[in-house]
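Chain by chain, the residues run as shown.
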Amino acid sequence: MEVLLLVLDLIGTFVFALSGATAGVRRRLDLFGVLVLSFAAANSGGVVRDLLIGAVPPAAVSDWRYLAAATAAGLITFYRAALIERLRNPVRVFDAAGLALFAVAGAHKALAFGLEPVMAAVLGMLTGIGGGIARDLLLAEVPLVLRAELYALAALAGAAVVVAGSLLQVPLPLTLGLGAGLCFGLRLMAIRHGWRLPIARPPGASPQDVPDA
Amino acid sequence: MEVLLLVLDLIGTFVFALSGATAGVRRRLDLFGVLVLSFAAANSGGVVRDLLIGAVPPAAVSDWRYLAAATAAGLITFYRAALIERLRNPVRVFDAAGLALFAVAGAHKALAFGLEPVMAAVLGMLTGIGGGIARDLLLAEVPLVLRAELYALAALAGAAVVVAGSLLQVPLPLTLGLGAGLCFGLRLMAIRHGWRLPIARPPGASPQDVPDA
Amino acid sequence: MEVLLLVLDLIGTFVFALSGATAGVRRRLDLFGVLVLSFAAANSGGVVRDLLIGAVPPAAVSDWRYLAAATAAGLITFYRAALIERLRNPVRVFDAAGLALFAVAGAHKALAFGLEPVMAAVLGMLTGIGGGIARDLLLAEVPLVLRAELYALAALAGAAVVVAGSLLQVPLPLTLGLGAGLCFGLRLMAIRHGWRLPIARPPGASPQDVPDA
């Protein structure tokens, strides 16, 4: 179980690092900047979660394999940018898989450290979305996560399944699988169908300006 | 005393969350983005303070009521944005009240964790202003706190009163009240009269370009 | 040894604070904003390192002298901005010295807290570059560190020397000196000769657009 979790965690780290490195290459950062973005995108969510629950030093700091996975993704993207761009759709699928995995693993770890159920689900979501927020902040952009199709909501749903399963004493592998599957499916459906959450009608706007309000 | 502090803390969380949610609605974030900004604006200052003094997990993470207060403020703002805009002046007054409360409560907590007096006052200020900084960073803007009328100085003054009172062994309720009152009053006066700190004369500028230098 | 490390640490804090304050003055922040940028630029790297290795409260929070050094640098820059601008070259030299010192001291502290060698070198680098990242994020800019001439690589090289020296049981003062000297020398050479890391060829660009690819 532990080995499985670690392997899945490193795969998630790798695919998230691809997204950070791709963003860095597009903004014409140099090699080091690309590697920093890879590491930040892959590990910020987990590092913040570990700081908040008191798991110090965070796994991404105490275990060099997280650095290795992120650096490998960064180097591949840097020297084979055209290849990654061509793969864009697979990368989005991997990214959804990484989101799903980080969300359920994050919720599980927060529960293990004794957090309340509601906050454990929130921390699971944060583990999933934190990397994307760090990546976009480092590029001085409003985080895409705050606007993309159901991104964070899918992570929250997956994390909530893990928390509910723990309360109901469902076996862990089952709830991890169900939670990750729900998050992954929701996200893919949202991308395919363009599902979005509503946007508030700003004061003074006439209704026809805001079709989704 | 503890109950009173908690109630005031949750009120502060609520009004700060209103400011974050209002900023999110204006930037046309979707519902989730607005809720994230609510939570970040309301709780970032306290979370950073708790991490820095070693109070892990932070109160905003271990106690679901902080999440509930921030989410309620976010939902109200999202579905009643026009109402909140009409309330803008009351919101500024609430915001000043939240700043005052967070500053004195933050300084008190830092002292309780054994920090030096000067740094306890700085952490009180940070508790008050941290949320606004996080809110603006997430919107990729230079934090307003760094430029608004006496915002951080008022928080520092309120926190300093709590620290001085502790050194002089004045009863806690009195110093909390005095500190919060000083911060609240300074901030309201600064808004009304447009009080500002000086801005440096950039090298090469002639004096008449910089009336306040 | 401890006293020497503290003195060098405070000098590093001072010169990094100069860089933060200078950036704040150029962006026309008010006095308080300039002081916040001074403190953030000088201490963010060390604070993040201390949080990640579990050294709580961080030195910059528990010891008022870090605040004093940063504030002094901020006040001097604010009231004597023209003087600092004229000093620009010396400031760059000081900045390289601060980077070198923070990198080796950070790696040493991470080793003392039991981190793996590779991650200790990474944390040393982070201690050196963290302040510049915080400074630029607060000004809503893409961190210069991600793009400047060999900035982070020089810090990583200096930190790596300290880690290698520890593994080989070389006396500490010698490795600190060698590591700091390597970082300092690399950075100065990179500034003088305009050394840069390569930038990825964005997909679709023809080779002649990207001379360094």
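Residues numbered from 1 in each chain as written. Chains lettered and ligands numbered in written order. Predicted model: local features only at pLDDT ≥ 70, side-chain atom pairs only at ≥ 80, totals over all residues. Heavy atoms only, no water.

- As annotated in an unreviewed UniProt entry, chain A carries the name Trimeric intracellular cation channel family protein and is attributed to Vineibacter terrae.
- Quoted verbatim from the Subcellular location (unreviewed entry) field of the UniProt record, the comment on chain A reads "Cell membrane".
- The annotation that UniProt attaches to chain A under Sequence similarities (unreviewed entry) is "Belongs to the UPF0126 family." (UniProt positions renumbered as here; feature names shortened; annotations may be inferred.)

Things to note about the relation of the copies chain B and chain C
Applying a rotation about an axis and a shift along it to one chain copy brings it onto the other copy.
Right, on to step 1. Turning chain B through 120° and shifting it by 0.0 Å along the axis lays it on chain C, with an RMSD of 0.0 Å. The symmetry that links the two subunits is that of a three-fold axis. Among all residues of chain B, the one whose C-alpha sits closest to the rotation axis is B:Ala140, at a distance of 3.2 Å.
Right, on to step 2. Comparing contact sets, just 10% of the residues at the interface of chain B also lie at the interface in chain C, consistent with a heterologous contact between different surfaces. (Least-squares fit on C-alpha atoms with pLDDT ≥ 70 in both. Contact = heavy atoms within 4.5 Å.)

Regarding the confidence of the model for chain A
Residues and elements named next belong to chain A.
Right, on to step 1. Mean pLDDT over chain A: 86, with 92% of residues reaching 70 or higher.
Right, on to step 2. The weakest mean pLDDT in chain A belongs to helix α5 (residues 81-86) at 76; the strongest belongs to helix α8 (residues 151-167) at 94.
Right, on to step 3. This stretch, residues 205-213, has a pLDDT under 50; its non-local contacts, to residues over four places away or in other chains, come to 11 contacts.
Right, on to step 4. The ipTM value of the predicted complex is 0.81, and its pTM value is 0.86. (pLDDT = per-residue confidence, 0-100. Helix = DSSP H or I, 4+ residues; strand = E, 2+ residues; numbered from the N terminus.)

A look at the UniProt feature "transmembrane region" (unreviewed entry) in chain A
Residue and element names in this part refer to chain A.
Right, on to step 1. Following the UniProt record, one finds the feature "transmembrane region" (unreviewed entry) at residues 6-25, 32-52, 64-81, 93-112, 118-138, 150-168 and 174-191.
Right, on to step 2. With 100% helix and 0% strand, the stretch residues 6-25 has end C-alpha atoms that lie 28 Å from each other.
Right, on to step 3. In the segment residues 174-191, helix accounts for 100% and strand for 0%; the C-alpha atoms at its two ends are 26 Å apart.

Description of the packing of helix α1 (residues 2-26) of chain C against helix α2 (residues 31-53) of chain C
All names here are of chain C.
Right, on to step 1. Relative orientation of the contacting elements α1 and α2 amounts to 140°, with a least axis distance of 7 Å. Accordingly, the angle class assigned to the pair α1 and α2 is oblique. Classified by chirality, the crossing of α2 by α1 is right-handed. Together, Thr13, Phe16, Ala17, Ser19, Gly20, Ala21, Ala23, Gly24 and Val25 of α1 and Val34, Leu37, Ser38, Ala41, Ala42 and Asn43 of α2 make up the contact between the two elements.
Right, on to step 2. Looking at the contact of α1 with α2, its residues break down into 9 nonpolar, 6 polar and no charged. (Axes fitted to C-alpha atoms, helices over the stretch in contact; angles between N-to-C directions. Parallel < 35°, antiparallel > 145°, perpendicular 65-115°, else oblique. Left-handed = near helix turned anticlockwise from the far one by under 90°. Nonpolar A, V, L, I, M, F, W, Y, C, P; charged D, E, K, R; others polar.)

Concerning the packing of α1(C) against helix α4 (residues 64-79) of chain C
All names here are of chain C.
Right, on to step 1. Contact geometry for α1 and α4: axes closest at 8 Å, N-to-C directions at 40°. Pair α1 / α4 crosses with right-handed handedness. Contacts from Leu6, Asp9, Leu10, Thr13, Phe14, Ala17, Leu18, Ala21, Thr22 and Val25 in α1 reach Arg65, Tyr66, Ala69, Ala70, Ala72, Ala73, Gly74, Ile76, Thr77 and Phe78 in α4.
Right, on to step 2. When its residues are assigned to classes, the contact of α1 with α4 shows 14 nonpolar, 4 polar and 2 charged.

Some remarks on the interface of chain C and chain A
Right, on to step 1. Counting from both sides, the interface comprises 31 residues of chain C and, opposite them, 28 residues of chain A.
Right, on to step 2. Of the roughly 2400 Å² buried where chain C meets chain A, counting both sides, 76% is carbon and sulfur surface.
Right, on to step 3. Taken together, the links from chain C to chain A amount to 0 salt bridges.
Right, on to step 4. Where chain C packs against chain A, one counts 1 residue pair in polar contact (both at pLDDT 80 or more). (Buried area = accessible area lost by both parts, 1.4 Å probe. Salt bridge = Lys/Arg side-chain N within 4 Å of Asp/Glu carboxyl O. Polar contact = N/O pair within 3.5 Å; in protein donor to acceptor, adjacent residues only side chain to side chain.)

Section: the interface of chain B and chain C
Right, on to step 1. On the chain C side, the residues contacting the 30 residues of chain B number 28 residues.
Right, on to step 2. For the pair chain B and chain C, the summed buried surface comes to about 2400 Å²; carbon and sulfur atoms form 76% of the total.
Right, on to step 3. At the boundary of chain B with chain C, the tally comes to 0 salt bridges.
Right, on to step 4. Here chain B and chain C share 1 residue pair in polar contact (both at pLDDT 80 or more) between them.
Right, on to step 5. Within the residue set of the side of chain B that touches chain C, elements represented by two or more residues are α2 (31-53) and α7 (117-138) of chain B.
Right, on to step 6. At 8 residues, α7(B) tops the list of elements feeding residues into the side of chain B that touches chain C.
Right, on to step 7. Grouping the amino acids of the side of chain B that touches chain C by side-chain chemistry returns 25 nonpolar, 1 polar and 4 charged.

Quick notes on the pattern of salt bridges
Once their charged atoms are close, side chains differing in charge can pair, the charge on each being opposite to the other.
Right, on to step 1. Inspection of every chain in the model, using the stated rule, returns 15 salt bridges over all chains.
Right, on to step 2. Among the salt bridges present, the one from B:Asp136 reaches B:Arg135, with a minimum N-O distance of 3.0 Å. The exposure classification of B:Asp136 matches that of B:Arg135, with both residues buried.
Right, on to step 3. One salt bridge connects C:Glu141 with C:Arg27, and the closest N-O pair in it is separated by 2.5 Å. With a gap of 114 residues between them, C:Glu141 in the loop between α7 (117-138) and α8 (151-167) and C:Arg27 in the loop between α1 and α2 connect regions that are remote in the sequence.
Right, on to step 4. One salt-bridge network, in which partners are shared between bridges, spans A:Arg49, A:Asp50 and A:Lys109. (Buried < 20%, exposed > 50% of the residue type's maximum accessible area, 1.4 Å probe, protein only.)

Some words on the packing of aromatic side chains
Right, on to step 1. What the rule picks out here adds up to 6 aromatic pairs over all chains.
Right, on to step 2. Between the aromatic rings of A:Phe78 and A:Tyr79, the centroid separation amounts to 5.0 Å while the plane-to-plane angle is 80°, which identifies the pairing as edge-to-face.
Right, on to step 3. When its relative accessible area of 5% is taken as the criterion, A:Phe78 is described as buried.
Right, on to step 4. Since its relative accessible area comes to 48%, A:Tyr79 is described here as partly exposed.
Right, on to step 5. Geometrically, the ring pair formed by B:Phe16 and B:Phe102 is tilted, given 5.2 Å between the ring centres and 50° between the ring planes. You can see B:Phe16 sitting in helix α1 (residues 2-26) and its partner B:Phe102 sitting in helix α6 (residues 88-112), a full 86 residues away along the chain.
Right, on to step 6. With a relative accessible area of 3%, B:Phe16 lands in the buried category.
Right, on to step 7. Judged by relative accessible area, B:Phe102 falls into the buried class, the value being 5%. (Phe/Tyr/Trp six-rings, centres within 6.5 Å; stacked < 30°, edge-to-face > 60°.)

Thoughts on the environment of A:Leu186
Residue and element names in this part refer to chain A.
Right, on to step 1. Tracing the sequence through the fold places Leu186 in helix α9 (residues 172-193).
Right, on to step 2. Owing to a relative accessible area of 25%, Leu186 belongs among the partly exposed residues under this scheme.
Right, on to step 3. Each C-alpha atom of the pair Leu186 and Ala157 lies 8.8 Å from the other, and the pair is 29 residues apart in sequence.
Right, on to step 4. Those residues in contact with Leu186 that sit more than four places away from it in its chain are Ala154, Ala157 and Trp195.

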